[in-house]
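Chain and residue survey
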Amino acid sequence: MSADLSRRGLMAGAAALAASPALPASAQAETVLRVAMTLSDVPYLAGQPDQGGEGWRFVGVTLHDSLVGWDLSQRDKPSTMIPGLATGWEADPADRTKWVFRLREGVRFHDGSPFDADVVLWNLQKLMNQQAPQYDPRQVAQTFGRMGLLAGAEKRDANTVVITTKTPDALLPWYFGRIMISSPAHWEKMGRNWEAYARTPSGLGPWKFDRFVPRQRLELVRNTEYWNPARVPKTDRLVLLPIPDANTRVAALLSGQVDFIEAPPPDAAPRLRAAGMQIVTNRYQHTWPWFLSRLDGAPTADIRVRRALNLAIDRDGIAGLLQGFGAPAVGNVPPGHPWFGEPTWKIRYDQAEARRLLAEAGYGPRNPLKLKVTISASGSGQMQPVLMNEALQEMLRAVNVEVTFEVIDWSTMTQRRGQGAQAPDQVGIHGLNNSWSWVDPDFGFTSVLGSDRIPPRGSNWGNVRLPEFDRLCAAIRAEFDREKQDALIAELHAKMVEDATWLFVVHDLNPRAMSPRVKGFVQAQNWIQDLTPITMG
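Here's what I pulled together on the structure shown here. (Residues numbered from 1 in each chain as written. Predicted model: local features only at pLDDT ≥ 70, side-chain atom pairs only at ≥ 80, totals over all residues. Heavy atoms only, no water.)

**Some details on the layout of surface pockets**
In this structure, the largest pocket encloses a volume near 810 Å³. Around the largest pocket, the lining comprises 39 residues; the ones closest to its centre are Pro-137, Arg-138, Val-140, Ala-141 and Gln-142. Those elements giving two or more residues to the lining of the largest pocket turn out to be helix H3 (117–128), helix H4 (137–140), helix H7 (194–199) and helix H14 (410–419). Examining the composition of the lining of the largest pocket, we find that 6 residues originate from one element, H14, more than from any other. The residue makeup of the lining of the largest pocket, split by class, is 16 nonpolar, 14 polar and 9 charged. (1 Å grid on protein atoms, 1.4 Å probe; cavity = no way out; pocket = protein on both sides within 12 Å on 5 of 7 lines; lining within 4 Å. Points joined across faces, edges and corners; volume = space filled by probe spheres on them. Helix = DSSP H or I, 4+ residues; strand = E, 2+ residues; numbered from the N terminus. Nonpolar A, V, L, I, M, F, W, Y, C, P; charged D, E, K, R; others polar.)

**Quick word on the packing of helix H15 (residues 441–449) against helix H17 (residues 482–499)**
In contact at an axis separation of 11 Å, H15 and H17 are set at 50 degrees when each is read in the N-to-C sense. Taken together, H15 and H17 sit at an angle that is classed as oblique. Taken as a pair, H15 and H17 cross one another with a handedness that is left-handed. Contacts from Pro-441, Phe-445 and Leu-449 of H15 reach H17 at Gln-485, Ile-489, Leu-492, His-493 and Met-496. For the contact of H15 with H17, the per-class residue count stands at 6 nonpolar, 2 polar and no charged. (Axes fitted to C-alpha atoms, helices over the stretch in contact; angles between N-to-C directions. Parallel < 35°, antiparallel > 145°, perpendicular 65-115°, else oblique. Left-handed = near helix turned anticlockwise from the far one by under 90°. Contact = heavy atoms within 4.5 Å.)

**Quick notes on the nonpolar core**
When a protein is soluble and globular, its nonpolar side chains tend to lie buried together. If you look at the biggest cluster of nonpolar residues, it comprises 154 residues, and the most contacted ones within it are Leu-67, Phe-101, Phe-115, Phe-176 and Trp-290. Ranked by residues supplied to this core, first place goes to H3 with 7 residues. Setting aside anything within four residues of it in sequence, one finds Phe-101 in contact with Leu-67, Val-68, Ala-86, Gly-88, Trp-89, Asn-159, Thr-160, Val-161, Ile-163, Leu-172 and Phe-176. (Core = buried A, V, L, I, M, F, W, Y, C linked by side-chain atoms within 4.5 Å. Buried < 20%, exposed > 50% of the residue type's maximum accessible area, 1.4 Å probe, protein only.)

What follows is the structure, given as structure tokens:
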């Protein structure tokens, strides 16, 4: 299956590159930035993009926009939330279930229609109200269960919206950094049809839609009327090409057919540098784990098995395999982070202890533990999934664990994650290799650990049900003091490590390679990046 996916990746990449010269004649005078994504298709364009972090990065913050933004201008510290389409927000001190958002005035969609409070309410209905004409299940699936935490919203005036949560929820602003706003007027023009909307979308972002060829390319042009003059793009055109095969991306960069590639393979780094290409890395909120099933009957429901799997992995060896593109992970966040906490059980490399725990659980040379894990051949944040998973397979074999892989496309992987381990088509699957972001406390912790967030209500794929996790998740959402909230997150993370909830492997260092012609890119410590400052030398 891996070879088949690789062939399809090469074919998709070849098709995209074959189409690359087919820019309009007027493009000869344009400045064009051509980016090779790791995806096998262009993300959904109607508003909430699919396909994980790359969908958010290349469609969400380019074509669309959100109430809450991120400061992506610095590489030496983690990104912070900043005003976006909302100029400010705060919880009502008298009623912590109510959040007041003040909206930016004078903003217009690419189709010319105005952005205001009615637009925000309409967009919330598309994600919350199954009876609303604009309700779109495909976009709802990309909100990671967050809309289920809201009770409703109301318009205070043309530029103020009050959003109500079911219980006091201090994490709410984080949610709206990833909730994208679509144009009601354009949806009406497209016959109230989201598929038609997605073929010619209208957003609020710094780029406007120009051209789309499924599985081959998306072309965006500069929005000269973007509300933030500092982020009007410095290139005229952005061309996004889905090229899932890593070697095809490298070849495209070396041959001058693209200018910027995601996730170059480690073994290509010397060749790229020798050719004068730039390779940039930076730490950010990204962990590469296996989610582990907790369903009744799954061997990974046994804490001895989960701890043994974590003890069997040589993380320094995996980091070495990645040649500087990854760092060992002994939890969801790195030691020293305010959220790491003080776990009483430590993740480390100890194969003897792994064998002992497995023997205690009933597994050994004559009765090896057999696991089946779903992986992808490429995809947003997946790093080098085939190479890395084959290395894990060998390490686990050394402690009497036999792993087989189900290799699927990244977009299918995100659908599987949204269905949960309990889904009928995941019977017999014990793990899901889905890279994960902890850019915010909900996405990184409460959405994957709370029993109230088991799919389809969230991202708790493994069906984790621990009262202590639930208590801490609720306490985190109810705590509005940031220092106290950080302490609760650290306590939850420490228990996550002790529970060996996932098989933790590495933190990604986010490698990108680009032509020496690419100037002005600042790699932020975030899953999203700002392409608007880039100029082409």
